[in-house]
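Here are the chains, one letter per residue:
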Amino acid sequence: MIDLATKLSERPSAFENALRRWLDERPFRCTIDFVRAHLGRGFLVDGVPHRPDGAAMAVLGADESVPAEVASFAGLLERGAVHLAAAKAVHLRQCQDAAVQARALAAFAAARPAAVLDRPDGEVGAAAAASRAVRPGVLTKVSEWAVDEVMVALGLSSPAAARLLAESVTLVEQLPATLDALQVGTISWAHARMLVEVLAPMSDPAKRAEVEERLLARAAGRTVAQLRVTARRAVLRADAAAATRRLAAAIRDRQVRVFPGKDGMASWVATMTAPVALACRDALRQYAEACAAPGDERTLDQRMVDCLADLILRPGETGLPPVQARLTVVASVDTLRGGDEPGEVESLSTSLCKTRS
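## Comments concerning the overall build of the protein chain
Item 1. For the protein chain, the count of helices and strands is 16 helices and 7 strands.
Item 2. The burial tally for the protein chain puts 31% of its 357 residues in the buried class.
Item 3. Once local pairs closer than 6 in sequence are excluded, the contacts in the protein chain between residues at least 24 apart make up 56%.
Item 4. Of the accessible surface of the protein chain, which amounts to about 22200 Å², a share of 58% is contributed by carbon and sulfur atoms.

## Side note on a nonpolar patch on the surface
Item 1. On the surface, V256, V258, W268, I312 and L313 cluster together into a nonpolar patch covering about 550 Å² of accessible area.
Item 2. Those elements giving two or more residues to the nonpolar patch turn out to be β3 (255-260) and α15 (300-313).
Item 3. Examined against the element boundaries, L313 turns out to sit in helix α15.
Item 4. Using a relative accessible area of 66% as the deciding quantity, one classes L313 as exposed.

## Things to note about the confidence of the model for the protein chain
Item 1. Residues with a pLDDT of 70 or more make up 65% of the protein chain, whose mean pLDDT is 78.
Item 2. Within the model, the stretch residues 28-46 combines pLDDT values under 50 with 53 contacts to residues more than four positions away or in other chains.
Item 3. For the stretch residues 351-357, pLDDT sits under 50, and the model shows 20 contacts to residues farther than four places along the chain or on other chains.

## Focus on the pattern of salt bridges
Item 1. Enumeration over the complete set of coordinates arrives at 11 salt bridges.
Item 2. Between D180 and R103 there is a salt bridge, with the nearest N and O atoms lying 3.1 Å from each other. Of this pair, D180 sits in helix α9 (residues 176-183) while R103 sits in helix α4 (residues 68-110), placing them 77 residues apart in sequence.
Item 3. Look at D180 and you get partly exposed, because its relative accessible area is 43%.
Item 4. For R103, a relative accessible area of 35% puts it in the partly exposed group.
Item 5. Counted as one network, the salt bridges with shared partners bring together R163, E167 and R193.

## Comments concerning helix α10 (residues 189-199)
Item 1. Of all 11 residues that make up α10, 8 are buried, and the element is covered over most of its length.
Item 2. Within α10, the full set of buried residues consists of W189, H191, A192, M194, L195, V196, V198 and L199.

## Some details on the pairing of β3
Item 1. With 0 of its 6 residues buried, β3 lies for the most part at the surface.
Item 2. With 6 bridges joining them, β3 and strand β4 (residues 266-271) adopt antiparallel strand pairing. Note that in β4 the partner of P260 across the bridge is A266.
Item 3. In textbook terms, the turn of a hairpin is the stretch between consecutive antiparallel strands, and for β3 and β4 this stretch comprises 5 residues, one of which, D263, has a positive phi near 55 degrees.

## Notes on unusual backbone geometry
Item 1. Positive phi values are uncommon outside glycine, yet D263 reaches one of about 55 degrees.
Item 2. With respect to the secondary-structure elements, D263 resides in the loop between β3 and β4.
Item 3. Overall, D263 belongs to the exposed group, its relative accessible area being 77%.

## So, helix α14 (residues 274-290)
Item 1. Taking 1.5 Å as the rise per residue, α14 with 17 residues should run 24 Å; its terminal C-alpha atoms sit 24 Å apart, in good agreement.
Item 2. Those residues of α14 not exposed but buried are L278, D282, A283, L284, Q286, Y287 and A288.

## A few points about the side chain of T178
Item 1. Mapped onto the secondary structure, T178 falls in helix α9.
Item 2. Here E212 takes part through its side chain, which lies 2.7 Å from a polar atom of the side chain of T178.
Item 3. Among all residues touching T178, those that are not within four sequence positions of it are L171, I187, A192, L195, E212 and L216.

## Some words on the packing of α14 against α15
Item 1. At a closest axis distance of 8 Å, the pairing of α14 and α15 adopts a crossing angle of 105 degrees. Here α15 runs roughly perpendicular to α14, going by the angle between their axes. In this structure, α14 contributes R281, L284, R285, Y287, A288 and E289 to the contact, and α15 contributes L300, R303, M304, C307, L308 and L311.
Item 2. When grouped by side-chain class, the residues that make up the contact of α14 with α15 number 8 nonpolar, no polar and 4 charged.

## Description of the environment of R93
Item 1. Within the secondary structure, R93 is located in helix α4.
Item 2. As for R93 and V184, which are separated by 91 residues in sequence, their C-alpha atoms are 9.1 Å apart.

## Details of the environment of A98
Item 1. Summarising the element assignment, A98 is placed in helix α4.
Item 2. A residue is classified by how much of its surface remains accessible, and A98, at 12% relative accessible area, is buried.
Item 3. Taking the C-alpha atoms as reference points, A98 and A192, separated by 94 residues in sequence, lie 9.8 Å from one another.
Item 4. With near-sequence residues (within four places) excluded, A98 lies in contact with L182 and W189.

Reading the values: the criteria
Residues numbered from 1 in each chain as written. Predicted model: local features only at pLDDT ≥ 70, side-chain atom pairs only at ≥ 80, totals over all residues. Heavy atoms only, no water. Helix = DSSP H or I, 4+ residues; strand = E, 2+ residues; numbered from the N terminus. Buried < 20%, exposed > 50% of the residue type's maximum accessible area, 1.4 Å probe, protein only. Contact = heavy atoms within 4.5 Å. Areas by Shrake-Rupley, 256 points an atom, 1.4 Å probe, with all protein chains shown as cover. Patch = residues over 30% accessible without salt bridge, like charges linked within 9 Å, V, L, I, M, F, W, Y side chains within 5 Å. Salt bridge = Lys/Arg side-chain N within 4 Å of Asp/Glu carboxyl O. pLDDT = per-residue confidence, 0-100. Pairing = 2+ DSSP bridges. Expected span 1.5 Å × (residues − 1). Polar contact = N/O pair within 3.5 Å; in protein donor to acceptor, adjacent residues only side chain to side chain. Axes fitted to C-alpha atoms, helices over the stretch in contact; angles between N-to-C directions. Parallel < 35°, antiparallel > 145°, perpendicular 65-115°, else oblique. Nonpolar A, V, L, I, M, F, W, Y, C, P; charged D, E, K, R; others polar.

Set out below in structure tokens:
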């Protein structure tokens, strides 16, 4: 147990001073658990009565020596715990509702078969081949109008409605254990969406189910980012060949886009492989550090943006010396020789495997 007296800071608050005096008067070393029980006495906080439980009363007896500051602090802890418990209950209901919604949307998609509701290829009014090509694979058998119905019913944009419908169908058809974990609150909707993104592309249903089971066994209490790292490494281990094929397809989709922002600003987004992106960022950082001058009040990020614009719009006119990007690669020797074990580039899990003929 931890001695509460040793946890007081060097610059104690009024509460800490009162608690220190109270502890100093006791002939024993007081633990946190005992203090928590000892402070369970009934008191008022902002006019709200608080009563101790039976265990606290058994410890307290008839002792009335608890300082008012200590009792008030205990009231804040107790009241905060009640609010946090209420928030946790709401979170659980949100997880359950998200699972119910996913099942309902998947059932709705099943009730909108493309073979019955959509026009055949070549007929006037049929969906164009280009629009079919960009649809999620799990929606190929679903009517092209289903997304529009979801969009209107839920007040979503067309891309958001398509994503929600595709995720719901994927959870029901390919990741039922993930949907069950969402139903009981083991994971949140954000966790479920991430697992859809990472696990659904696996081509082997048996391997996908095996990876899903292992991930869900350790998912409780983990953030989305933490579980994503584990999931990506697990997928790479289980299906390295498929991961390599997906990487090749992703490389073919590299692109540059501009998204409008606020107050006349915009975001310039380049989609590329992780090692190249990290190398570009490192090079920009070095350029930004090299161009810093006395009196320059720009932040490092601001200088990096300015250097990026100069390097693209005025190549050869910057006068900046060339830099060499530095990346940290963590991988086994077998991986570097073309093995199936995943490696990491700057803490990003990625497939370092060589493509094999």
